[in-house]
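Fold and geometry: a report
Listed below are the residues making up each chain.
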Amino acid sequence: FYEFIHLKITHTHVSSRGPGINAVTSPSTPVFVKDCIFDGCLTATQGSSLTILHIEGCEVMNCTSTTIAVGFAATCFAYSCDVHDNAGAAFVGTSNSGSGTVINLQDCIIDTNLIGITNVNTTTSSTYTAHGCIFVDNTGDAIKMAATTSVSGLTLELENNVFYGNGGYGIDNLDEQAIADA
């Protein structure tokens, strides 16, 4: 597995910023990111090969991508992260294949981003879980669930979250097949 601990990754170049961590080949096991700061990068993480991301105690801010701050292919587990002041969505699943997208957030603060959490997955199922999180002052929706052609559709599980001051919906369900346990 790959493990990144106690790092501060910044980008200050005006015209060409890159991702903090870019998965260019398929890792066989999870990527762990713990106690890191990403400031001013294009994205904190990205890559269609970043199949499992475990991010804990990190701060992600000032990412310049208008689509993604924390990107991953299939599965993201985020614990006690502060993702704020990014041009794009805080957490984005980018895979459209395999077993679907899983976004699992625990005790995270997601504020002042384009969207809180979303994915681009339209052909397989997606699962969104948020426990004890704060979604505040995002320009658009706090949670945006893409419409899917999958029979199993979407699953949303929410517990003890705060939705406040978002410019769009708290929960924007674009899929009529969503199963909500909120």
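Being a predicted model, the structure only gives us computed values, none of them experimental.

Tallying secondary structure elements over the protein chain gives 0 helices and 22 strands in all. Out of the 182 residues belonging to the protein chain, those deemed buried represent 48%. Across the protein chain, every contact between residues at least 6 apart in sequence was considered, and the portion connecting residues at least 24 apart equals 64%. Split by element, the accessible area of the protein chain, about 8,100 Å² in all, is 53% carbon and sulfur.

For the rest of this paragraph, the subject is the nonpolar core. Within the largest apolar cluster, 39 residues are counted, with the highest numbers of intra-cluster contacts made by Val33, Phe38, Leu53, Ile55, Phe91 and Leu105. Setting aside residues up to four positions removed in sequence, Phe91 forms contacts with Ile55, Val70, Cys76, Ala78, Val83, Leu105, Ile110, Gly116, Ile117 and Thr118.

Another point: the pairing of strand S12 (residues 89-93). Within S12, 5 of the 5 residues are buried, which leaves it mostly tucked inside the rest of the structure. Where strand S9 (residues 68-72) and S12 come together, 4 bridges link them in parallel fashion. If you follow Val70 over to S12, its bridge partner there is Phe91. Judged from the 3 bridges that link them, S12 and strand S15 (residues 117-119) form a sheet pairing that is parallel. Bridged to Gly93 within S15 is Asn119.

Quick notes on the rules
- Residues numbered from 1 in each chain as written.
- Predicted model: local features only at pLDDT ≥ 70, side-chain atom pairs only at ≥ 80, totals over all residues.
- Heavy atoms only, no water.
- Helix = DSSP H or I, 4+ residues; strand = E, 2+ residues; numbered from the N terminus.
- Buried < 20%, exposed > 50% of the residue type's maximum accessible area, 1.4 Å probe, protein only.
- Contact = heavy atoms within 4.5 Å.
- Areas by Shrake-Rupley, 256 points an atom, 1.4 Å probe, with all protein chains shown as cover.
- Core = buried A, V, L, I, M, F, W, Y, C linked by side-chain atoms within 4.5 Å.
- Pairing = 2+ DSSP bridges.

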